[in-house]
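Working through the structure, step by step
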Amino acid sequence: MSYPIVILGSGRGTNAEALLKAESKKKLGSAKIAAVISDHEDAGILTLGQKYKVPAIYLDPGRKGARLSDAAEQAYIERIQSFSPKLIVLAGFMRIIKRPFIEAFEGRMINLHPSLLPSFPGMNGIQQAFEHGVKITGCTVHWVTPALDAGPIIAQKEVRIEEADTLDILTKKVHIAEHALLPDVVTRLSKGKIVIPEA
């Protein structure tokens with residue numbers, strides 16, 4: 001049974017590509033990426049559409065800053081709903097999503113965050129961990145709730161910070177962990193192996 005997914009991202013799309021690559025190798029369970037959507041017209045994530053033959057859509061955020069305008073949020077909800085997704089993946093989507101958006105897709109929206117939550121939520125999770133001097137960081141996939149980076153944790157992958165690591169090296173290590181963790185979680189969700197939290 002098909003398990004359609006919509007990916008939202010604002011940047012280069014390396015995590016979206018990890019999912020698309022896994023799907024192309026038939027290593028994403030029943031998951032099928034239905035569309036990639038970005039709030040930036042020139043985002044690298046949109047170039048993945050042609051490469052992997054999936055719709056890649058720019059949707060105007062309606063305003064600058066961390067949030068979508070109310071009208072844009074409604075447009076996002078309607079466009080996402082047009083693909084009838086079973087899962088929405090926030091992969092580097094740099095907008096704070098408001099309650100109506102979350103409620104429209106309750107129990108169907110996950111976020112990938114570059115730290116071991118609840119440590120280092122918000123922006124620059126890798127840099128926060130590096131500057132704090134922790135010995136272990138990593139990445140987290142969690143359910144999206146109205147509280148920022150505070151939804152129930154689905155899975156985490158640890159990354160050890162070595163003495164010789166620079167911020168650049170650590171960033172690469174965390175990205176490698178993300179590219180392994182996210183496809184694994186999506187695969188397990190598509191196979192019904194992860195319990196969706198009750199509202």
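The rules we used
- Residues numbered from 1 in each chain as written.
- Predicted model: local features only at pLDDT ≥ 70, side-chain atom pairs only at ≥ 80, totals over all residues.
- Heavy atoms only, no water.
- UniProt positions renumbered as here; feature names shortened; annotations may be inferred.
- Buried < 20%, exposed > 50% of the residue type's maximum accessible area, 1.4 Å probe, protein only.
- Contact = heavy atoms within 4.5 Å.
- Helix = DSSP H or I, 4+ residues; strand = E, 2+ residues; numbered from the N terminus.
- Arc of directions from axis to C-beta.
- Pairing = 2+ DSSP bridges.
- Axes fitted to C-alpha atoms, helices over the stretch in contact; angles between N-to-C directions.

Some thoughts on the UniProt feature "active site" (unreviewed entry) in the protein
Following the UniProt record, one finds the feature "active site" (unreviewed entry) at H113. For H113, a relative accessible area of 3% gives the class buried. Beyond its immediate sequence surroundings of up to four residues, H113 is in contact with F120, P121, G122, C139, T140, D149 and E178.

Considering helix α5 (residues 125-132)
If you check which residues of α5 are buried, you get G125, I126 and A129. Buried positions in α5, seen along its axis, are confined to an arc of 105° and lie on one side of it. A positive phi of about 85° marks G133, the residue just after α5.

Notes on the sheet that holds strand β4 (residues 87-90)
Sheets are built from strands paired through backbone hydrogen bonds, the pairs being either parallel or antiparallel. On the basis of which strands lie adjacent, the open sheet formed by seven strands has the order β3-β2-β1-β4-β5-β6-β7 and mixed pairing. One side of each edge strand has no neighbouring strand; the edge strands of this open sheet are β3 (56-58) and β7 (153-160). Taking each pair of neighbouring strands and ignoring which way they run, the sheet shows an average axis angle of 20°. For β4 and strand β5 (residues 109-113), the ladder comprises three bridges, and the chain directions are parallel. Following the sheet pairing, V89 is matched in β5 by I110. In the packing of helix α1 (residues 14-24) onto the sheet, contacts are made with β1 (3-9), β2 (31-38), β4 and β5, and the angle to β2 comes to roughly 155°.

Quick notes on the UniProt feature "binding site: N(1)-(5-phospho-beta-D-ribosyl)glycinamide" (unreviewed entry) in the protein
Feature annotation in UniProt assigns "binding site: N(1)-(5-phospho-beta-D-ribosyl)glycinamide" (unreviewed entry) to the following positions: G13, T14 and N15. Of note, T14 is situated in helix α1. Counting through the fold element by element, N15 comes out in helix α1.

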